[in-house]
Amino acid sequence: MKQVKQIGRREFIKYLAGTAGLLLASKYAKPAFAFPSNREALGPTKSEANVEERNDGTGTTADELKKFAMVIDVGACIGCRRCMWGCKEENNTPDSISPLWIEVFELQLEGGVTGHPSPQDLKKGVTTSYTEAPKEGRWYLPVQCYHCDNPPCVKVCPVGATYKDEDGLVLMRYDRCIGCRLCVVACPYSARRFSWLKPEVPPEQINPLVPVRPVGVVEKCTFCVHRTRRGKLPRCVEVCPVRARHFGDLNDPESEVAKLLKENLSFRLLEEANTEPKLFYITRGKKWTS
């Protein structure tokens, strides 16, 4: 059997504990260089931001009564990566951006993903380079931006380009981003992407609801803010063929995500870092066999 290529430079432990120290340091660190401090130069404050038209291009405003979250059933996920490609198509992500906003890891876990897995357990035999799925004895763990309640990326951004909105979404104002990448370093989940090259998306493939980001800015999963604030599901949830992904309002006890978390044992990655991520994992048992 052909050996599956293992993660090298971007091994999975980076998602779990690799930058935990930086996360703690960022709470107190200040930039060693000067940034604009003029109130007008930086634009609206956070309290004003939810009533202006977004500079992220969606033109949406947050509902402070909502608290959006995602639940992924790793017992159902078959590792097909349709969430990855659906996200790419929906969000005008060019081929030059690598990796994509969503990644799916194949895990070799004896006994499966249950309870609160340790980083040591999760990094065993992990790879994103698998070519066939699902496989017997393998589990699949999708990762992306976790839209933390206590986001370190927001704390370290010197110009307010990344911000946490009233409905829990962590978003970007691309016109403010100066490309310093402090947020990339601070994120313990390695969920942010830097636009190194000029994005090239064929005009006929561009989604007009999502801005094509310029070169030199940071981008990431937005929970498809242009859809979810209009009552639709994120594209990754919509395209999942086995309904492993679920999205909704945690503040609504009748929402699907609220019920799933009430009825199932759940875990979140790197909970000890106190980031309070809004992406939860559950395991309701395998829904497939190889």
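Residues numbered from 1 in each chain as written. Predicted model: local features only at pLDDT ≥ 70, side-chain atom pairs only at ≥ 80, totals over all residues. Heavy atoms only, no water.

Draft legend 1. Geometry of helix α11 (residues 256-263). Every buried residue of α11 is accounted for by V257, A258 and L260. Along the axis of α11, the buried positions cluster into a sector of 165°, meaning they face one direction only. Away from the buried face of α11 by more than 90 degrees, exposed residues K262 and E263 are located. Contacts from the buried residues of α11 go to β1 (68-73), β8 (245-249) and β10 (279-282). (Buried < 20%, exposed > 50% of the residue type's maximum accessible area, 1.4 Å probe, protein only. Helix = DSSP H or I, 4+ residues; strand = E, 2+ residues; numbered from the N terminus. Arc of directions from axis to C-beta. Contact = heavy atoms within 4.5 Å.)

Draft legend 2. Quick peek at the sheet that holds strand β9 (residues 266-267). Spatial ordering of the open sheet is given by β8-β1-β10-β9, a layout of four strands whose pairing is mixed. The strands lining the two open edges of the sheet, one partner per strand, are β8 and β9. In the sheet, β1 pairs with β8 via five bridges, with the strands oriented antiparallel. Note that in β8 the partner of A69 across the bridge is G248. (Pairing = 2+ DSSP bridges.)

Draft legend 3. Quick peek at the environment of L270. Counting through the fold element by element, L270 comes out in the loop between β9 and β10. Spatially, the C-alpha atom of L270 lies 8.4 Å from that of Y189, the residues being 81 residues apart in sequence.

Draft legend 4. Inspection of the environment of H147 at higher detail. If you trace the backbone, H147 turns up in the loop between β3 (139-143) and α7 (152-156). Overall, H147 belongs to the buried group, its relative accessible area being 1%. For H147 and C221, which are 74 residues apart along the polypeptide, the C-alpha to C-alpha distance reads 8.7 Å. If we ignore the near neighbours within four places in the chain, the residues touching H147 are G168, L169, V170, K220, C221, T222, F223, E276 and K278. There is a polar contact of 3.0 Å between the side chain of H147 and the backbone nitrogen of V170. Within the structure, the side chain of H147 is placed 3.3 Å from the backbone oxygen of C221, a separation counted as a polar contact. (Polar contact = N/O pair within 3.5 Å; in protein donor to acceptor, adjacent residues only side chain to side chain.)

Draft legend 5. Region of interest: helix α5 (residues 82-90). Along α5, the residues that are buried comprise C83, M84, G86, C87, K88 and E90. Residues of α5 that are buried make contact with β2 (103-107), α9 (225-228), α10 (235-239) and β8. Looking one or two residues beyond α5, the residue adopting positive phi is N92, at roughly 55°.

Draft legend 6. Fine view of the pattern of salt bridges. If you walk through the whole model with that rule in mind, you get 19 salt bridges. One salt bridge connects R213 with E219, and the closest N-O pair in it is separated by 3.1 Å. Here R213 and E219 have matching classes, each one buried. E256 is paired through a salt bridge with R243; the nearest N and O atoms lie 3.0 Å apart. Pair noted here: E256 is in helix α11 and R243 is in the loop between α10 and β8, with a separation of 13 residues, a long-range link. Since its relative accessible area comes to 34%, E256 is described here as partly exposed. (Salt bridge = Lys/Arg side-chain N within 4 Å of Asp/Glu carboxyl O.)

Draft legend 7. Here's a closer look at the environment of V126. Its place among the elements puts V126 in the loop between α6 (119-122) and β3. Separated by 17 residues in the primary sequence, V126 and L109 place their C-alpha atoms 9.2 Å from one another.

Draft legend 8. Local environment of unusual backbone geometry. Residue A133 is joined to P134 through a cis peptide bond whose omega torsion reads -5°. Checked against the element boundaries, P134 lands in the loop between α6 and β3. Here the phi dihedral of E276 falls at roughly 55°; this positive angle occurs in a residue that is not glycine. For E276, the location among the structural elements is in the loop between β9 and β10. Residue E276 is classed as partly exposed on the basis of its relative accessible area of 31%.

Everything listed here is a matter of geometry and, on its own, says nothing about what the molecule does.
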